[in-house]
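# Residue-level structural notes
This is what each chain is made of:
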Amino acid sequence: MKEFKDLFSQEDGVVFCNDVCSDMEVLGHECNPDQWRLFIDSSKVSLKVVLLHNGNKFPSVPLAHAANMKESYESMKLLLGKGKYEEFKWRLCVDLKVVVLLPGMQLGYTKYCCFLCQWDSRDKKTHYVNRLWPKRTSLTPREKNVVNPPLVLPEKIFLPPLHIKLGLMKNFVKCMDKTSRGFDYIFEE
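Quantities reported herein were computed from a predicted structural model and do not represent experimental measurements.

Scoring rules and cut-offs
- Residues numbered from 1 in each chain as written.
- Predicted model: local features only at pLDDT ≥ 70, side-chain atom pairs only at ≥ 80, totals over all residues.
- Heavy atoms only, no water.
- Salt bridge = Lys/Arg side-chain N within 4 Å of Asp/Glu carboxyl O.
- Helix = DSSP H or I, 4+ residues; strand = E, 2+ residues; numbered from the N terminus.
- Buried < 20%, exposed > 50% of the residue type's maximum accessible area, 1.4 Å probe, protein only.
- Contact = heavy atoms within 4.5 Å.

Applying the stated rule across the entire model yields three salt bridges. Notably, a salt bridge pairs Asp12 with Lys82, separated by 3.3 Å at the nearest N-O pair. Of the two residues, Asp12 is situated in the loop between strand S1 (8-11) and strand S2 (14-17) and Lys82 in helix H3 (residues 73-82); the sequence distance between them amounts to 70 residues. The exposure class assigned to Lys82 is buried, which follows from its relative accessible area of 12%. Salt-bridge contacts for Glu86 lead to Lys89; the nearest nitrogen and oxygen are separated by 2.8 Å.

Right, here's the structure in full:
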């Protein structure tokens, strides 16, 4: 445990790894950013940042932990800074709330809530008719629900399948017409 003590620091309410390559060396891993992905997760009481091996052959490598910190653009910026994201440019694996924060998008019920395309969430008439929505060409602040400069490139973000399944299903049911036959079918099952 002593070998890890010098590799971690505490600052601004965040405990973080100050030397990622040395941390991985101590754990017996090669410090190759292409073999690892950054995973950001939160609970009601903390935010956690770990590295996950792409082949799941090695255990996760802790990078940062922040107690009593909520998911926000500022906290994501702080965690990515402390985790030296700019130096390593890992791919990211995040849930649906964090995926909105990283490209600098507005939270909540917005018109353009997808970071990949210009899906119009308020265009109820064509939701199930239009299958191809125009791709987003930029993430410019003050345009199409982008409120902050992006922290990461959209192509660096992966969504875990379970989060996609649960999050999209929850949002799908929330936006359904409660008087429709489809809603009745889901409710009865």
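There's plenty left to go through after this.
Bringing the side chain of Glu71 into the picture now. Position of Glu71 among the secondary structure elements: in the loop between strand S5 (61-67) and H3. Once you skip the residues sitting within four places of it in the chain, Glu71 turns out to touch Ser42, Leu47, Met76, Asp95, Lys97, Val98 and Leu101.

The next thing to look at is unusual backbone geometry. Negative phi values dominate among residues other than glycine, just as trans dominates among peptide bonds. Positive phi is not limited to glycine here, since Asn68 has a value of about 55°. Here Asn68 shows up in the loop between S5 and H3. Of note, the phi angle at Lys84 is positive, near 55°, even though the residue is not glycine. By the element assignment, Lys84 lies in the loop between H3 and helix H4 (85-88).

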